[in-house]
Amino acid sequence: MATVDHLDTSPPTGPTKILIRRHSLVTRITHWLNVVCLSLLLMSGLQIFNAHPSLYWGQYGADADPSWLSIGSVQNGDSTRGVLRVGRLSIVTTGILGVSREGSELTERGFPTWATIPSYQDLATGRRWHLFFAWLFVINGSIYALYGFVGGHFRRDLAPSAEELSPGHLKQEIADHARLRFPKGEKARHYNALQKLTYLIVIFILLPLMLATGLTMSPAMDAGFPFLLDVFGGRQSARSIHFICAWSIVLFVLVHVAMVILSGLWNNMRSMITGRYGIESEGDRK
């Protein structure tokens, strides 16, 4: 007698959420220390910049020398306007740069009080803040770099494959990001190629340049290592490169924060606090 097989008519299970280990303890601790250090380095750096809010190329920089960037003020009748000048381009920035509001009055000042540490103009105090957090940042970065090389973090998580570096793959990732289409499922387990390249540029180009140009601006370091001035074309050139790198990192942070929010704020924050990141795993038929 023939038998009839029983067909599985149960509905397939849908995607399920699982938590994976995304960030190690070392990565999480050094990440949050970097947030503190970079914030205070930026604010104290703006305090230092306010002492002479102009940038130059070469060995010398003074009021009479031509600058490529300056933040200042100009008189317009009875009023004073803030002006940001980059090359031949001048932009009125009254209320933000050059001339900002302190209480009920406008005051001539490069960057406003809320953006600097300390808020009042004090070059010596700003330098002390900057130096302290610069060394804390270097120590923290050294620990992260040691972990990255010895623990295999750079090789395992940040080194892009040949396929990821192909023009077609990068073009597709750029298009996906522009449409806010973020990786799902198994693809979300790892950094994508754009993330890897961006992190590598920041870690191995921008941050080392920040450190080297910062040292070049120190007269004491120049006395012990005079070749630094030759490498960067003078103290004023080093100051300009330092400024450019600082704002490149600020731009990176702004884009990074935007992507964190758009791709899932809670999930990303949880991964950087607890190390656990939630992804969707396709369920199996039962």
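- Going by what an unreviewed UniProt entry lists, the protein chain is known as Prokaryotic cytochrome b561 family protein and is assigned to Rhizobium rhizogenes.
- In its Subcellular location (unreviewed entry) section, UniProt records this for the protein chain: "Cell membrane".

**Looking at the environment of His52**
(1) Moving on: Locating His52 in the fold gives a position in the loop between α1 (25–50) and β2 (54–55).
(2) Moving on: In this structure His52 comes out as partly exposed when scored by relative accessible area, which is 24%.
(3) Moving on: Between the C-alpha atom of His52 and that of Gly72, which follows or precedes it by 20 residues, the distance is 9.7 Å.

**Focus: the packing of aromatic side chains**
(1) Moving on: Across all of its chains, the model carries 14 aromatic pairs by this definition.
(2) Moving on: With a centroid separation of 5.7 Å and 65 degrees between ring planes, the pair formed by Phe49 and Phe111 is classed as edge-to-face. Of this pair, Phe49 sits in helix α1 while Phe111 sits in the loop between β7 (105–109) and α2 (123–150); the two residues are 62 residues apart in sequence, bridging distant segments of the chain. One exposure class covers both Phe49 and Phe111, and it is buried.
(3) Moving on: Centroid distance Trp129 to Phe133: 5.9 Å. Interplanar angle 20 degrees. Geometry classified as stacked. Residue Trp129 and its partner Phe133 are both found in helix α2; the two are separated by 4 residues, about one turn of the helix.

**Remarks on the domain arrangement of the protein chain**
Size of an interface: often given as the accessible area lost when the parts come together.
(1) Moving on: Taken domain by domain, the protein chain comprises domain 1 (16–53 + 113–281) and domain 2 (64–110).
(2) Moving on: On a C-alpha basis, the centroid separation for the pair domain 1 and domain 2 is 30 Å.
(3) Moving on: Contacts between the two partners involve 13 residues from domain 1 and, on the opposite side, 7 residues from domain 2.
(4) Moving on: Taken together, the two surfaces of domain 1 and domain 2 that pack against each other cover about 730 Å², and 53% of this comes from carbon and sulfur.
(5) Moving on: Among the residues of domain 1 in contact with domain 2, Asn50, Pro53 and Thr113 are the three that bury the most area, contributing 53% of the side total.
(6) Moving on: Taken together, the connections running from domain 1 to domain 2 amount to 0 salt bridges.
(7) Moving on: Counting across the domain 1 and domain 2 interface gives 4 residue pairs in polar contact (both at pLDDT 80 or more).
(8) Moving on: If you list the elements that add at least two residues to the side of domain 1 that touches domain 2, you get α1 and α8 (235–262).
(9) Moving on: A class-by-class count of the residues in the side of domain 1 that touches domain 2 yields 6 nonpolar, 7 polar and no charged.

**What to know about the state of the cysteines**
(1) Moving on: Within the structure shown, the criterion is met by 0 disulfides.
(2) Moving on: In this model Cys245 remains outside any disulfide bridge; the closest cysteine sulfur is found in Cys37, 18 Å from its own.

**A word on α1**
Quick reminder: α-helices carry 3.6 residues per turn. Residues three or four places apart thus point the same way.
(1) Moving on: Over its 26 residues, α1 extends 38 Å from the first C-alpha to the last, a length consistent with the 38 Å expected when each residue adds 1.5 Å.
(2) Moving on: Within α1 the residues assigned to the buried category are Thr27, Arg28, Thr30, Cys37, Leu40, Leu41, Ser44, Leu46, Gln47, Phe49 and Asn50.

What counts as what
- Residues numbered from 1 in each chain as written.
- Predicted model: local features only at pLDDT ≥ 70, side-chain atom pairs only at ≥ 80, totals over all residues.
- Heavy atoms only, no water.
- UniProt positions renumbered as here; feature names shortened; annotations may be inferred.
- Helix = DSSP H or I, 4+ residues; strand = E, 2+ residues; numbered from the N terminus.
- Buried < 20%, exposed > 50% of the residue type's maximum accessible area, 1.4 Å probe, protein only.
- Phe/Tyr/Trp six-rings, centres within 6.5 Å; stacked < 30°, edge-to-face > 60°.
- Domains from an automatic or database assignment.
- Contact = heavy atoms within 4.5 Å.
- Buried area = accessible area lost by both parts, 1.4 Å probe.
- Salt bridge = Lys/Arg side-chain N within 4 Å of Asp/Glu carboxyl O.
- Polar contact = N/O pair within 3.5 Å; in protein donor to acceptor, adjacent residues only side chain to side chain.
- Nonpolar A, V, L, I, M, F, W, Y, C, P; charged D, E, K, R; others polar.
- Disulfide = S-S within 2.5 Å.
- Expected span 1.5 Å × (residues − 1).

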